[in-house]
Amino acid sequence: MFQQDGQPFTSTPRGAVAMDHVESLIEMAVRGGGVVQHLSVSLIEPLRSGALVPLLEQWQAPGPDVSVLYQQRHQRAARVAVFVDFVDALFKNAAASFPPAD
């Protein structure tokens, strides 16, 4: 997903490698294997360390909504509440970390 003049659009560039393991994808990019687009929460550390640099910043589009789904009950289990709070904090912290610290 990209955005130009406030209008979102999708472009799928052709590439020689496709994978669905986030850490491997990021490591490939860190080692010079290409360009990666992923959720900011996954890229905070390599961007902050300088291992990766932002590209096409003027084309960035908002990421997808993230939802936590769980079975509705009269009382939510403590472990579910803890997990929901963890996910909420994770994405709030990621949003607060961008742009990456110099």
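For every chain, the first residue of the written sequence is number 1, and numbering continues from 1 onward in sequence order. Note on the predicted model: pLDDT of at least 70 is required for a residue's local features to be given, and 80 or more for side-chain atom pairs to be given and counted; whole-chain, interface and lining totals, by contrast, use all residues. Think of the side-chain values as coming from all heavy atoms in the structure, minus any hydrogens and water.

Draft legend 1. Here's a closer look at the packing of aromatic side chains. Pairing of aromatic side chains here covers Phe, Tyr and the six-membered ring of Trp, requires ring centres within 6.5 Å, and sorts the geometry by plane angle: under 30 degrees stacked, over 60 edge-to-face, intermediate tilted. Scanning the entire structure with this criterion turns up three aromatic pairs. Ring centres 6.5 Å apart and planes at 35° place the aromatic pair Phe-83 and Phe-86 in the tilted group. Note that Phe-83 and Phe-86 are positioned in helix α3 (residues 78-96) at a spacing of three residues, about one turn of the helix. Any residue under 20% of the maximum accessible area for its type is buried, any over 50% is exposed, and the rest in between are partly exposed; the area is computed with a 1.4 Å probe on protein chains only. Looking at Phe-83, the relative accessible area reads 45%, which means it is partly exposed. The structure contains a cluster of three or more aromatic residues connected by ring pairs, namely Phe-2, Phe-9 and Trp-59. Helix and strand assignments follow DSSP, with helices taken as H or I runs no shorter than four residues and strands as E runs no shorter than two, numbered in order from the N terminus.

Draft legend 2. How the structure looks around helix α2 (residues 40-49). Among the residues of α2, Leu-43, Ile-44, Pro-46 and Leu-47 are the ones counted as buried. The first or second residue beyond α2 is Gly-50, which carries a positive phi of 90°.

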